[in-house]
Amino acid sequence: MKLEDVRAIVTGAASGIGRCIAIELARAGGSVVGGDIDLEGLKELETEGFGLSGKIFGIKLDVANESTVKNFVEEAFTKLGYVNALVNNAGILRDGLLINRDEEGWSRKLPTSQWKKVMDVNLSGPFFMAREFAAVVIERNISPSLIVNISSITRAGNPGQSNYSASKAGLDALTRTWALELAPWGFRVAGIAPGLTETPILGYVSPEVQAEIIAKIPLGRMAKPYEIWQAMRFIVECDYLTASTIEVDGGAMF
Ligand SMILES: NC(=O)c1ccc[n+]([C@@H]2O[C@H](COP(=O)([O-])OP(=O)(O)OC[C@H]3O[C@@H](n4cnc5c(N)ncnc54)[C@H](O)[C@@H]3O)[C@@H](O)[C@H]2O)c1
């Protein structure tokens, strides 16, 4: 697919990686509907998009709210005329150990609400989005089309990230499942698993933990959002790529 032919929904487009993907797609001539719970961030995204070759529209979206996703997808098709790409990027961190014991012997179990919040946004959200997107694409005979899921290298499992790691491993399973199920209708489905990347989500990771992670990265630094975009660009342009998740992690091993 050519970049200028992309008409994409990008979730979590108000910040970080999603914002970079939206801007770079529009710079390359594609058009984007960015969805996010952060309305201020969406306004800034639209402003940043003025003057680029393609258009960017921001529409409020909570990917975890099943009842509103269908309307959002329909609105995106109306705004862009048609949509041929979905980037499931919105994601959150709410880290915590399964059992956390302090020196006095008090222990705290990972709360169910903390488990569910991350699974709702990071795993159920992409499911709701892809289901509605695929249904309309198939109904309208739009082909080729593309779904890109933003996973994480911590999908392999990482202490303190029961919820996050499981959600991202699940998302990888969906990448492969949808690639196989939807190929007959002209879909490609791929994933990107970034390592530590310089975005506002790192506000949830202490500077000490960030430094520990960076010390284990062979390239000695975090990724920049633009470097995740470079993988996205490759996925868009390589028409033979499907069912794979590309790791962009500076060589980090988990
Ligand atoms: N930054 C990293 O180190 C890193 C590493 C690996 C994977 N990732 C993944 O990359 C993706 C983007 O993260 P980022 O680093 O750009 O973080 P970010 O916090 O900068 O951006 C995430 C965006 O998602 C939005 N969002 C959160 N909940 C939402 C919901 N329910 N509905 C719609 N939008 C919602 C936020 O408002 C925000 O704009 C996430 O899926 C994240 O898990 C990030």
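All figures in this text were calculated on a predicted structure; none of them were measured in a lab. (Residues numbered from 1 in each chain as written. Predicted model: local features only at pLDDT ≥ 70, side-chain atom pairs only at ≥ 80, totals over all residues.)

A. Fine view of the overall build of the protein. A tally of helices and strands in the protein yields 7 helices and 9 strands. Computed over its C-alpha atoms, the radius of gyration of the protein comes to 18 Å, within 12% of the 18 Å expected for a compact globule of 254 residues. Projected onto its principal axes, the C-alpha positions of the protein cover 60 × 35 × 35 Å. Burial statistics for the protein: of 254 residues in total, 43% are counted as buried. A fraction of 74% describes how many contacts in the protein between residues 6 or more apart in sequence connect residues 24 or more apart. (Helix = DSSP H or I, 4+ residues; strand = E, 2+ residues; numbered from the N terminus. Rg over C-alpha atoms; globule rule 2.2 N^0.38 Å. Buried ≥ 20, exposed ≤ 12 C-beta atoms within 10 Å, placed from the backbone. Contact = placed C-beta atoms within 7 Å.)

B. View of the pairing of strand 3 (residues 56-60). Strand direction decides the pairing type here: strand 2 (residues 31-36) and strand 3, joined by 5 bridges, are parallel. Residue pairing for strand 3: aspartate 36 is matched across the bridge by lysine 60. Following the backbone out of strand 2, through helix 2 (residues 39-49) and into the adjacent parallel strand 3, one traces a crossover that is right-handed. (Pairing = 2+ DSSP bridges. Right-handed = clockwise from strand over helix to strand, strands pointing away.)

C. Quick peek at the sheet that holds strand 2. Within the open sheet, the 7 strands sit side by side as 3-2-1-4-7-8-9. Their pairing is parallel. Edge positions in the sheet fall to strand 3 and strand 9 (245-248), since each of these pairs with one other strand and no more. The mean inter-strand angle of the sheet, taken between neighbouring strand axes irrespective of direction, is 20 degrees. With 3 bridges joining them, strand 1 (residues 7-11) and strand 4 (residues 85-88) adopt parallel strand pairing. Looking across to strand 4, one finds that valine 10 is bridged to valine 87. Each of strand 1, strand 2, strand 3, strand 4, strand 7 (145-150) and strand 8 (187-194) touches helix 1 (residues 16-27); the most contacted strand, strand 2, lies at about 165 degrees to it. Of the strands in this sheet, strand 1, strand 2 and strand 3 are in contact with helix 3 (residues 66-80), which crosses strand 2 at around 155 degrees. (Axes fitted to C-alpha atoms, helices over the stretch in contact; angles between N-to-C directions.)

D. Main features of the environment of glycine 58. The residue glycine 58 is located in strand 3 in this model. Under the C-beta neighbour-count criterion, glycine 58 is labelled buried, with 24 such atoms within 10 Å. Along the backbone, glycine 58 and alanine 193 are 135 residues apart, and their C-alpha atoms lie at a distance of 25 Å. Sequence-distant contacts of glycine 58, defined by excluding residues within four places in its chain, comprise Gly34, Leu42, Lys43, Leu45 and Glu46.

E. Quick look at the pairing of strand 8. Counting buried residues in strand 8 gives 8 out of 8 residues, a clear majority hidden from the surface. On strand 8, burial covers both faces: Phe187, Val189, Gly191 and Ala193 on one face and Arg188, Ala190, Ile192 and Pro194 on the other are all buried. Judged from the 6 bridges that link them, strand 7 and strand 8 form a sheet pairing that is parallel. Among the inter-strand pairings, serine 145 is bridged to a residue of strand 8, identified as phenylalanine 187. Crossover connection from strand 7 via helix 5 (residues 162-182) to parallel strand 8: handedness right-handed. With 4 bridges connecting them, strand 8 and strand 9 associate as parallel partners. Within strand 9, the position partnered with alanine 193 by the bridge is glutamate 247.

F. Highlighting the nonpolar core. Core analysis: the biggest nonpolar cluster contains 63 residues, and Ala8, Ile9, Ile21, Ala22, Leu86 and Met232 have the highest contact counts within it. For this core, the element with the most residues is helix 4 (residues 112-139), which contributes 9 residues. Excluding anything up to four places from it in sequence, alanine 8 contacts Leu25, Gly30, Val32, Val83, Ala85, Leu86 and Val87. (Core = buried A, V, L, I, M, F, W, Y, C linked by C-beta atoms within 7 Å.)

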